[in-house]
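# Summary of structural features
Single-letter residue listing:
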Amino acid sequence: MEHFKTRNTLTAILLYELSRIEQLPIQTQMLIASDLTAKIQNLRMSKAHSEQDFHRDQAAYFSLVKRNTLEQKNQLESQVSFAVASIMHCIHKGFEVEGLLNELITSVIDWKRACIAKTQT
């Protein structure tokens, strides 16, 4: 039951963040998409990506980034940092639920593809 609740919560947060990003200017969306792509690629290349301690530490790191970002004065930079940190926090927390990590990553990649497609039309 706890995994089901965690799965639903993390999925809802991730989808909320992606929908919130959709309201930002396309240039900001592209900055976020670029940063997320780099972070997801680094995650997938990391040998530690299959270890729970790694994901717990990364989730704590991105939680701290979110808090610190709220204090920044540069609005564009803080929007990008906060969105990326929030999404990466969800992804790393998703490791706790079997299969959710890859599901969340797929959602982000699908969003990124849609974002890129919008710029090409």
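Up top you'll find the structure we're talking about.
Residues numbered from 1 in each chain as written. Predicted model: local features only at pLDDT ≥ 70, side-chain atom pairs only at ≥ 80, totals over all residues. Heavy atoms only, no water.

### Re the overall build of the protein chain
Definition in use: Only DSSP runs of H or I reaching four residues or more are called helices, and only runs of E reaching two or more are called strands; each is numbered from the N terminus. Each residue is assigned to one of three classes by its accessible area relative to the maximum for its type, calculated with a 1.4 Å probe on protein chains only: buried under 20%, partly exposed between the two thresholds, exposed over 50%. We call two residues in contact whenever any of their non-hydrogen atoms come within 4.5 Å of each other. Method for areas: the Shrake-Rupley scheme with a 1.4 Å probe, in which residue coverage is limited to the protein chains shown. Counted as positive: Lys and Arg. Counted as negative: Asp and Glu. His and the chain ends are not counted at all. Lys charges are placed at NZ, Arg charges at CZ, Asp charges at CG and Glu charges at CD.
Counting its secondary structure elements, the protein chain contains 5 helices and 0 strands. The order of α-helices and β-strands along the protein chain, N terminus first, is α-α-α-α-α. Looking at the protein chain as a whole, 35% of its 121 residues are labelled buried. The long-range share in the protein chain, meaning contacts at least 24 apart out of those at least 6 apart in sequence, stands at 74%. On the protein chain, roughly 7300 Å² of surface is accessible, and the fraction owed to carbon and sulfur atoms is 54%. Between the averaged position of the 14 positive side-chain charges in the protein chain and that of its 13 negative side-chain charges there is a distance of 3 Å.

### So, helix 2 (residues 26–45)
Applicable threshold: By this rule, a helix spans an expected 1.5 Å times one less than how many residues it contains. Working definition: the arc comes from the directions between the helix axis and the C-beta atoms, pointing outward to the latter.
With 20 residues, helix 2 should cover 28 Å at 1.5 Å per step; its first-to-last C-alpha distance of 28 Å lies within 8% of that length. Considered for burial, the residues of helix 2 that qualify are Thr 28, Gln 29, Ile 32, Ala 33, Leu 36, Ile 40 and Leu 43. Along the axis of helix 2, the buried residues cluster in a sector spanning 130°; they form a single face. Looking at helix 2, the residues exposed on the side facing more than 90 degrees away from the buried face are Gln 27 and Met 45. Structurally, helix 2 contributes buried residues whose contacts are with helix 1 (2–21), helix 3 (52–69), helix 4 (75–93) and helix 5 (100–119).

### Structural notes on the state of the cysteines
For the record, the criterion: Criterion for a disulfide: a pair of cysteine sulfur atoms at a distance within 2.5 Å.
Overall, the coordinates contain 0 disulfides when judged by the stated rule. Left unpaired, Cys 90 is separated from the closest cysteine sulfur, that of Cys 115, by 18 Å.

### Some points on the packing of helix 1 against helix 4
Basically, it comes down to this: To get an axis, fit a line to the C-alpha atoms, keeping to the stretch in contact for a helix; angles then go from 0 to 180 degrees between the N-to-C directions. Here the word oblique covers every angle except those under 35 degrees (roughly parallel), over 145 (roughly antiparallel) and from 65 to 115 (roughly perpendicular). Helix crossings are classified by the rotation of the near helix relative to the far one: an anticlockwise turn of less than a right angle makes the crossing left-handed, while a clockwise turn makes it right-handed. Nonpolar residues are Ala, Val, Leu, Ile, Met, Phe, Trp, Tyr, Cys and Pro. Charged residues are Asp, Glu, Lys and Arg, and all others, Gly as well, are polar.
For the pair helix 1 and helix 4, the least separation of the axes is 9 Å and the interaxial angle reads 160°. By the angle between their directions, the pair helix 1 and helix 4 is classed as roughly antiparallel. Pair helix 1 / helix 4 crosses with left-handed handedness. Counting all contacts with helix 1, which are made through Leu 10, Ile 13, Leu 14, Glu 17, Leu 18, Arg 20 and Ile 21, the residues of helix 4 involved are Phe 82, Ala 83, Ser 86, Ile 87, Cys 90 and Lys 93. A breakdown of the residues in the contact of helix 1 with helix 4 according to their chemical character gives 9 nonpolar, 1 polar and 3 charged.

### As for the pattern of salt bridges
For clarity, the cut-off: Put simply, a salt bridge is a Lys or Arg side-chain nitrogen that is within 4 Å of an Asp or Glu carboxyl oxygen.
Enumeration according to the criterion identifies 7 salt bridges in this entry. Between Glu 17 and Arg 20 there is a salt bridge, and its shortest N-O distance comes to 2.8 Å. Taken together, the residues Glu 17 and Arg 20, both in helix 1 and 3 residues apart, mark about one turn of the helix. Overall, the relative accessible area of 5% leaves Glu 17 in the buried class. Salt-bridge contacts for Asp 110 lead to Arg 113; the nearest nitrogen and oxygen are separated by 3.8 Å.

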